[in-house]
Structures are given as structure tokens and as C-alpha cells.
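Chains, contacts and geometry: an overview
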Amino acid sequence: MMRPPPYFEHVRKTAARRWVQLEQDPVLAGPWHQLFKQVQSPRHVISELLQNADDAGATMASADIRNGEFVFIHNGEDFTEEHFTSLCRFGYSNKRSLHTIGFRGVGFKSTFSLGDEVRLRTPSLSVAFRRSRFTEPIWIDQNGTPASHTQVSVTIRDPHRLRELKKNLEDWAKSPASLLFFRSIRHLTISGIEIGWETQMEGPVPGSRWFSLTGTPDRQVLLIQSDPEPFPSEALDEIRQERMVALDEETDLPPCKVELVLCMKGRLFVILPTGVLTKLPFACNAPFIQDPARVKIKDPEISPTNRWLLDRAGKLAAGSLLRWVEKKDIEIKERCKAYTLLPDIDHDGDSLEGDCERFVEEAFKSELTDKPFLLLEDGSLAKGKGCVAVPQALLNIWPGDLVSNLFTDDAIPILSRHISARNRDKLINQESIDEIDKIDVLFTLKMEHPPKPDTWAQLLLLWDFVAEDIIGSRPTRNLEAVRILPVHGKDVLYAANEIVRLGEKRLLQSQEDWKFLSECLLVLNQNWPRFLAEQRLRAERSKNDSLLGQAASANRILDALDLGQASDVSQVIQQAAEKFFSKEGCDIEDCIRLAQLAATLGATVSESFQFVTRDGYRRPVSEQIVYDANNDLDAFLPDQWYQSHVLHKDYGVLLSCSGEEWRLWITSGRSQLLSFAPLQQMEKHEWDRSFVITLLKDRGLRGEPTFPYQRDDFTLEDWDFQEEHWTFWQETARRDPLIWGKAFSRILLAPKEYWTPFRGLKAWQNGTTYKRPLTNEALLPAWIAKFQSLPCLQDTNGRYREPAELYCRTRETDPLFGVEAFVRPEYDTEQTRPLLIKLGVRDTPTGPGRLLDRLRALATVESPPVYEVEKWCRRLDQLLSNCSTSELNEIKFAFADEKLILTAESEWGTTAEVFLAADEEDAPGAAIVHPAIQDLSMWRKLEIADRPTGDLAMHWLCSITSGIKLFRDELRRVRALLPRYPERIWRECNHWRNLEGEWTPVDQ
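Residues numbered from 1 in each chain as written. Predicted model: local features only at pLDDT ≥ 70, side-chain atom pairs only at ≥ 80, totals over all residues. Heavy atoms only, no water.

Concerning the overall build of the protein
From N to C terminus, the protein includes 33 helices and 34 strands. Considering only intrachain contacts with a sequence separation of at least 6, the fraction spanning at least 24 residues in the protein is 65%. Accessible surface, the protein: about 48,700 Å² in total, of which carbon and sulfur atoms supply 48%. (Helix = DSSP H or I, 4+ residues; strand = E, 2+ residues; numbered from the N terminus. Contact = heavy atoms within 4.5 Å. Areas by Shrake-Rupley, 256 points an atom, 1.4 Å probe, with all protein chains shown as cover.)

Concerning the confidence of the model for the protein
Per-residue confidence for the protein gives a mean pLDDT of 85, with 89% of residues at or over 70. Confidence, expressed as mean pLDDT per element, reaches its minimum in the protein at strand β33 (residues 991-993) with 45 and its maximum at helix α7 (residues 304-325) with 96. Segment residues 96-105 is flagged for pLDDT under 50; beyond a separation of four residues in sequence, or across chains, it makes 47 contacts in the model. Ignoring residues within four places in sequence, the model shows residues 990-1004, a span with pLDDT below 50, making 29 contacts including any to other chains. (pLDDT = per-residue confidence, 0-100.)

What about the side chain of Ser553?
With respect to the helices and strands, the residue Ser553 is situated in helix α17 (residues 545-560). A polar contact is formed between the side chain of Ser553 and the backbone oxygen of Gln550, at a distance of 2.9 Å. With near-sequence residues (within four places) excluded, Ser553 lies in contact with Asp464, Ala467 and Ile471. (Polar contact = N/O pair within 3.5 Å; in protein donor to acceptor, adjacent residues only side chain to side chain.)

Looking at the sheet that holds strand β25 (residues 762-766)
Strands sit in the order β23-β24-β25-β26 across an open sheet of four strands; the sheet is antiparallel. The open sheet has two edge strands with one neighbour each: β23 (680-686) and β26 (771-773). Shown here is a sheet whose adjacent strand axes are inclined to one another by a mean of 25°, direction ignored. Pairing of strand β24 (residues 714-720) with β25 involves four bridges; the strand directions are antiparallel. If you follow Thr715 over to β25, its bridge partner there is Trp764. (Pairing = 2+ DSSP bridges. Axes fitted to C-alpha atoms, helices over the stretch in contact; angles between N-to-C directions.)

A look at the environment of Asp227
Examined against the element boundaries, Asp227 turns out to sit in the loop between β10 (220-225) and α6 (233-243). Given the relative accessible area of 63%, Asp227 is considered exposed. The spatial distance from the C-alpha of Asp227 to the C-alpha of Pro255 is 9.0 Å, given a sequence separation of 28 residues. With sequence-adjacent residues up to four places away left out, Asp227 is seen in contact with Cys256, Lys257 and Arg312. (Buried < 20%, exposed > 50% of the residue type's maximum accessible area, 1.4 Å probe, protein only.)

Observations concerning the pairing of strand β1 (residues 60-66)
Looking along a regular strand, one sees the side chains alternate between the two faces of the sheet. When β1 meets strand β7 (residues 187-190), the two strands line up parallel, connected through four bridges. Bridge pairing in β7 places Ala63 opposite Ile190. Both β1 and strand β2 (residues 69-74) contribute to a ladder of six bridges, which runs antiparallel. The partner of Ala63 across the bridge, within β2, is Phe72.

Details of the packing of helix α14 (residues 456-471) against helix α16 (residues 527-542)
Remark: α14 packs on α16, axes separated minimally by 11 Å, with the N-to-C direction vectors making an angle of 85°. As summarised for this structure, α14 and α16 are arranged roughly perpendicular, according to the angle between their axes. Within the contact between the two elements, α14 uses Trp456, Ala457, Leu459, Leu460 and Trp463 and α16 uses Asn527, Trp528, Phe531, Leu532 and Gln535. For the contact of α14 with α16, the class distribution of residues is eight nonpolar, two polar and no charged. (Parallel < 35°, antiparallel > 145°, perpendicular 65-115°, else oblique. Nonpolar A, V, L, I, M, F, W, Y, C, P; charged D, E, K, R; others polar.)

Some details on the pattern of salt bridges
All told, the structure shown has 56 salt bridges when counted by the stated rule. Among the salt bridges present, the one from Asp116 reaches Arg131, with a minimum N-O distance of 2.8 Å. Highlighted residues: Asp116 in the loop between α4 (81-87) and β3 (117-121) and Arg131 in the loop between β4 (126-130) and β5 (133-139), separated in sequence by 15 residues. The class for Arg131 is partly exposed, based on a relative accessible area of 26%. Notably, a salt bridge pairs Asp828 with Arg833, separated by 3.0 Å at the nearest N-O pair. Arg833 shares its class with Asp828; the two are buried. What emerges from the salt-bridge pattern is a single network uniting Glu9, Arg12, Glu23, Arg133 and Glu136. (Salt bridge = Lys/Arg side-chain N within 4 Å of Asp/Glu carboxyl O.)

Description of the packing of helix α27 (residues 849-859) against helix α28 (residues 866-880)
It is at 10 Å that the axes of α27 and α28 come closest, and there the two elements cross at 155°. As judged from the angle between their axes, α27 and α28 are roughly antiparallel. As for how α27 packs across α28, the hand of that crossing is left-handed. Listed contacts from α28 to Leu851, Leu852, Arg854, Leu855 and Leu858 of α27 are Glu868, Val869, Trp872, Cys873, Arg875, Leu876 and Leu879. (Left-handed = near helix turned anticlockwise from the far one by under 90°.)

A few points about helix α15 (residues 511-520)
Within the sequence span of α15, burial applies to Asp513, Trp514, Phe516, Leu517 and Cys520. The arc that holds the buried residues of α15, viewed along the axis, is 165°, so those residues lie on one side. Summarising the geometry of α15, the exposed residues directed more than 90 degrees from the buried face are Gln511, Glu512 and Lys515. Among the structural elements, α18 (569-581) and α19 (588-601) are those in contact with the buried residues of α15. (Arc of directions from axis to C-beta.)

Description of the packing of aromatic side chains
All told, the structure shown has 36 aromatic pairs when counted by the stated rule. Ring geometry for Trp19 versus Phe134: centroids 5.1 Å apart, planes at 85°, classification edge-to-face. Placement of Trp19 in helix α1 (residues 8-24) and of Phe134 in strand β5 is noted, with a sequence separation of 115 residues between them. No difference in accessibility class separates Trp19 from Phe134, as the two residues are buried. Linked through ring pairs, Phe516, Phe580, Phe581, Phe609, Phe611, Tyr627, Tyr651, Trp662 and Trp665 together constitute an aromatic cluster. Sitting over the face of the ring of Phe465, Lys438 holds its NZ or CZ atom 4.8 Å from the ring centroid. Just above the ring of Phe707 sits the side chain of Arg689; from NZ or CZ to the centre is 4.3 Å. (Phe/Tyr/Trp six-rings, centres within 6.5 Å; stacked < 30°, edge-to-face > 60°. Lys NZ or Arg CZ within 6 Å of the ring centre and 35° of its normal.)

Examining the pairing of strand β6 (residues 150-155)
Of the strand pairs in this sheet, β2 and β6 are connected by six bridges, and their pairing is antiparallel. Its bridge partner lying in β6, Phe70 is registered against Val154. Judged from the four bridges that link them, β3 and β6 form a sheet pairing that is antiparallel. Within β6, the residue paired with Arg119 across the bridge is Ser153.

Regarding the environment of Ala63
Within the secondary structure, Ala63 is located in strand β1. Ignoring anything within four residues of it in the chain, the contact list for Ala63 reads Phe70, Val71, Phe72, Leu169, Thr189, Ile190 and Ser191.

Focus on the side chain of Asp713
Mapping Asp713 onto the fold places it in the loop between α22 (689-698) and β24. For Asp713, a relative accessible area of 12% corresponds to the buried category. With residues near it in sequence (within four places) discarded, Asp713 still touches His685, Glu686, Trp687, Trp764, Gln765 and Asn766.

Quick notes on the nonpolar core
Counting residues in each nonpolar core, the largest one holds 58 residues, and the members touching the most others are Phe288, Leu321 and Tyr339. Ranked by the residues each element gives to this core, the list is headed by α7, at 11 residues. Membership of the second largest hydrophobic core comes to 57 residues, among which are Ala53, Ala61, Ile156 and Leu180. (Core = buried A, V, L, I, M, F, W, Y, C linked by side-chain atoms within 4.5 Å.)

This is the structure in C-alpha cells:
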């Protein structure tokens, strides 16, 4: 049997006397009972008992519910008389250390919230406390050996309390944060489940250590402890008042520590969690003075102790950050984690949490003032405002010093890239650093030429960084000016509006040409599109979605910048020319090389493109430069004009293109070079209405001009050669009459762009405000009207004729070829035919007369050559297929009246005398069309009979006897048939009409 310790009875009697006194004085007992009710909360039971266990030096504790009874056990020291005396008092504590919440002596009494009787067993005690006199111990006789550990047990009164207790046990199992703040307890068993904190390693600053919960070594928290500091006097006064310590009981309070837990919510602890949950990046444990309900802490505005402790927490966090970032013996990534301690709080008014946050943050900032705490890209430190934050992507593309020089005004140091985005935002919000954001980066990329990154992969990172601003839903303005493009032979990046892209097939083969072109033209590096294509294939094979997305967005950027395909070669040469010709003293060889590169690329030059003329001067092509392909244009142009407008002869020396490329470029019109004297627009005013009407009629006006106004004020717009050219040709014609043909042949052989579209005469009548056209008809220009009356066209025999004397070769005129005069074939093409017709060359026949004359001439020959007859008959057959009615009648009458049809017997006959076919029975000896021309379609149009039959004869005779007047050729056919069929005709008819139309009996 256990016996009470010697001090037990004295303590019991003291407590009993107090209760007798209270029971006799209800006024005095009231506050006791009221305070006792305030501590009755099941959620505080485990916390209070753990506090007592830690005070007793316990290293482990357990809490469980067994058969409706709550049991708490720890292995701490047994009670001494002082400790037991304090336990049996209320509203007073003997604890000197304030690293605890139990300084009012009420913690143990919270166990009465579970039941009416609390039992306490230790190696020296076996007592019970009952609700009616909750401070008076009752000795419990226990048989057997004394307890080896301290045990507190309570029978749970009802299911409501049981439910609350279970919830509290679950909360401790999930988040046993308070175990970190106990002096000795590190392990706790809750309902058979062991939880606790395990030391991982030393922390980055003195007084710190990394911990992790049992079984989760990858989820670490950092515990930082301050050095002990004595309480200031105003805090000591407040503590004595709160603990209600009598003057004769005063003791010195030892220094206290403040503890921070990084990687944990910003709750305030007094070893046990309080109801104050701040937005600080760390939890804080300190001997805060709590409110009477022990839920939160006293407002620091009225508590000097709490203000002092919050100030210490802020300074501890700042000091830890400073020592952490200064540690050069650890990796820079680990040093950057120190900025997790930075508070960045948007204070929410006058709440208790907001006040606590404010006091901590103010102390934190004060501690950092004038101290280097910003970790730079090179690992050194700078004071506040001593560096600038840039997007991390830039530091993955270029070195930090280059980023600093490029994107900051005064080469300000760069904040370390390893600081997380969240911590960087904290520094920006606290105005400790300035920031270079994406808008600033894009502005710089438009203003400066950044260096080309060392690798294509780094350039791809840059493109990925700006992708959203170029191809996003709202692209940045002037995206063509963002300099992100690599250029052949350059170490910096350029904008889309500064460069061109050459296609793979357009690449220049000569290094000398590349060198020349690179000096006056920026060409997209061809290896960049190739790299993007390779990245896309690699991503598709490896199914790397991230890389595939980067490659796809890069190709979309190329498309957005109009570089997805090769640039228009004309734009390429235009850009090269603008830069090249802006220089003074361009060497003629370089001018020739540039023109020949344009020919190689097949480019169309602009009017500002310059060529060197025969006199050695450089002139824009808009001044109408002429290329003398045969080196003989001096015979057609005045000497002074020739020297200043004809291309220099050295262009014939091929430097950068082949002869075929040069020829095709010139003749295609893309060079803008002329092959002959230029046609120019002329404008003049005229006030003579009759002159204007006559001029319009002469130029081909068919209708009548419309005069919308009364006033005689006209504007004439015409096209012609310069007067000096006409003068020169007229002077030349005196000694060389063929000059007109030679000159016009140059016009015909020139590219059609030289003289098409036909720019004819236009006439307007001028009003006071507007001018209106006199006609909408297409009229001849002056230069064509002049050439109409000149012998300027060669016929097929080489003779020069006026245009109206010639035919051009068409389907309609083809039958006349060899009969009429035709334009020389090389001048008569599909391209030149419209011009020839405008000149007056005929494209339709004037009639069949010339072909009939050829047949008439052959009919006089005794043995005409059949092939000649066949040729002209076939020509006539072609003519008949498109001739007019009058022309058809002309041909029909000619063949009816004249012997122009060659028969098989090589005789000639008329349409009434010959047939297409015959045999011996129908018409023995009938004249048949010669077999060589028998297949012509014109014979049926000329109504030649197929066969000379008896039925045909009878038809004609019946027609005669019935009084129908026959045509003359039909009568001839009757006469031809009568000798062959006399008996049949006699039977059918007694008389017939002779050729003169008189009736004569048949037997006569």
C-alpha cells in the first residue's frame, strides 16, 4: 500500500481551509468559480497536460481513450512539494520560466471539462480531485507497486465531450507543431500512433535546425531560435500583474527566447497554438501574454511584453536572413531560400492579426536598413535599391553582366536568378529593388541590337519569352521592330523590318557575292529555320510537348513577322539598294555586281534603283535608262542623250550572274531598263474647239465628242517620243530612208511593257472646278499616228512598207498568204499583233479577187501544174469558210461564168459543166472535178451536182415545161444532158426550151 508523502497532509489542509473560507463567503468564491468555468474546454486538455509534462522534463508522452476514460502518461520528473502545492492552488503559478502558458496555475484544471473527477498517479502520489473542491486533493489507496510514470486519467462524462476530445486528438496527430517548442518532449503517441519531430541537419544560421515529422523526411521545417534576452522593466511589471505575484513572493524572471518556424503557417504560439493566425511567412513561438480566454494574445497596442516579443521576432527573422545570404560556403540556390523569411503583408485594417503583422514587419525592415542583403547574380550582396530584378528567362539567355548593360541604364547589378518569383515579388513590393518587366524588355529589344545568344537553344528561349506578345490574342505594337532575329554573318539580333529571308534555292554560291550582299543587306541566318525544323522533329519523336510547343510558337512568330517563307526578292534587292546607294562614291564594279545579283535572284527593281550610264554617272532607272544589247543604239539616238541614258558597256562583263540570267532579266522587264528611246507622256492646253474635234477624228474617234461646258478650255494628254528623237530620225532619213523601219523594228522587239497597255490620246474639257472627258473611246497616241504614214514595217520579202499595205497572219488572212503582202513573221506575233492592228495592218481579207486572178491565170495554161491549182483552190476554200454573203456571190458567179474548175481530164469547166462524181451508166463521159481538189467543201457551196443522172435531167425538163424560169447555169446542164438521154426525154416531153428561152419541138 502506498502512503502519502510527508507534505501531502499539509497541502491538503491548506486547500481545505481555503474552501471552507470560500464556502462561508459566496462573494469571495464567485470569481473562483467563474474563472474555473472559463478554463473548462476539452480542446485545451492535451495542450495543458503536455505543458506540465514538458515542465517536468518528460521526453515522451501519450494520450488515449480507453473504455470511456481519457488517459495521459508522461515520463517526466515526479512532483516535489513546491510543485504539488502549486497544483493545489488556483490562479497562481510558481513557474519562473515564461516559455510557457501556465503561469496562472489553471492549466491542470482544464481536465475537469471531461469529467467530475481527475485522478493523478505518480511514483509518489495517488490522488484525486473532484469538481466541488477542485484544488483539494484526496488520497486514493492503491494496492501494488507505485506507478513508474506520471498518469492523469478522467472518466468522460458524456458523448459530447468524448467527440470534442477525439477531435482534439486528431488535430494533434495532424499538426503537432507545439512539440517543436517543448524543452524536452519530441515524441507523442496519440491513440497508439507515434508522432514526433526528427532532427535532419543543422540549419543555415546559428541557432537553427531542420526538422521533419516522423516518416516524412522530405517535408522539412526550419526552427530558428534566438539567444535568450532579459525582459525589459515594463514587460516585467506587466507579467507580475498578470501572474498576480505578491510582493513577498517576487522572484527574478530568467531571460527568454523567441522561436521562428519557417515553412509553416504564420500562427503565433505560446508553446501551444493560439488563435492568432497571421500572414507572416513563418510561425512564431514566444511567451506572449494571452487574453483571459487563452484563445488569442493580448493586443500588442496595450501589451508592452507582446510588442517587445513581436519586435524580437521581426529582428530575428531579418538577422537570420542576413546571416543566411552571407554564407558563401553553401550553394547560391540555398542562399536564395533565405528570402522566404521576407514578410510581405497587405494589412487588413485594425485586427489583432494585422497589428501583430505590422510590428513584426516594421522591426524586420528596420533591421535591414543600410545593410547589404540583396543577393546578386555573381554571389555578392548589395544594399536596398542596389540592384534590379529581371525576368529569369533573360538570365538563361545571356550572362548577367550583359543583361545588366543591355537592359539597365547604368549597368545596375542583377538580382540573382535563383530567387523565386514569389520572393522577388516581395522585394519589389517592399521597394527594396526595381524591376525590369516584359514591357521594358520589349522596349529595349526595339531600341537596341542585343547580342546573339551563344546557342540556338538560348535563342529559342528568347523567342518563347516574347511569343505571347507577338502571336498572342493581343500582339504588341510594331512587332516587326522587335530585334530577335539572327542574321548571316552578324553577332547581334535584328528586327523583321531590317532583314530579309532568302529561299534555299536563292542562296548565292559565291562567297564574294555573300560578302558583298552582307555589307548592304541583312539576311536571316538560314541555320535558324533549319534548327526550328530539327527541334520540331526531335520533339515529335521524343513526344516532348514542351519542346514541341516552343518550336511551333517559333514558327508562328516567323509567320507573324512575314518570314515564314522566303522574302520577295524584289524587296530583298530594294533594301540592299537603299543602303548601297546611300553611300557616296560607289565603285562602278559594285554597281554592276548589285545589278547582276538582282538578275540572279530574278528581282524587280524599284524606280530608285540606280545604274551607271555611258558617261560614268549613276542615275536612277526612273530617268529612263536604256540597255544597248547590240551596242548599236547610237545610230538611233542623239549622242548627248545616248551618253546620259544608255547603260554603261561594262555591264556586259558578268561578275555575279550568267549570260542567260542577265538576258532574261533584261527582257522580262524586271530590270525596268528600256531597249529603245522611251515613250513619254505629254500634256498641253488647247483653246480651239475645232482643232480638238479634228484631232480626235484623226486619232480614230467614231462618234461625236461630248462637251459638258460652254467654255473652250481643253487639256490634252498624249504619248510620244521626245521631239529631239523625231528630229534625229528625220535627219537620218535623208541619208538612210530605212531608218523608220529599223527604228520601229526595235519597238516591236522590245518587251511588251515598253508600249503596252496602249496609252492613247485623252481629252478633257476644263470647268471652273472640275474637268470632264470628251469621249471614252480608245484613241491613238501621237507616236502610232506618226508611224502609220511611214514605211516602217518589213514584209515577208524584206521590203519596207506603210502599215496599211500589209496583212498580219490570222486564220482569216491565211488564205491570202503568198498573194498579198504580209508582215515579216518575227514582227507578227501574238504580243505585237494588237500594236500592228493599231498601226493599220489588216487582219481580215479585202475579198477573193486576188485568189480568183491566180486561178484565171492558171486556166490559160495548156497543161497547168496541178499542185498550183490545188494550192489556190484550197486557199479559196479557206476563205469561203469565213467570207461574207457578197464575197460568196462573187465567187459563185465567177465559177459559173468562167471555166475555172480543173477536171480529171485536165480541162477547165464551169459549175454547170462539171460534176463531183459519175459512172458509165448515169453519165458516160461526164466532166468530173479533178481528184486533187475533189474533197473541197466549197464545191457544195457553189452547188456543183454530185452525179449527172437521168432523174436530174427529167427534173430540169419538168421545170422547163412547167414554166419555171431556170438560171443560166441550169439551162447549160440541161443542154449537156440532152445528148446522153434522147429517147427518155422524147417519151416524157414533146418540146423543150432552148438556151435563149424559146420553145422548140423536140423532134426538130
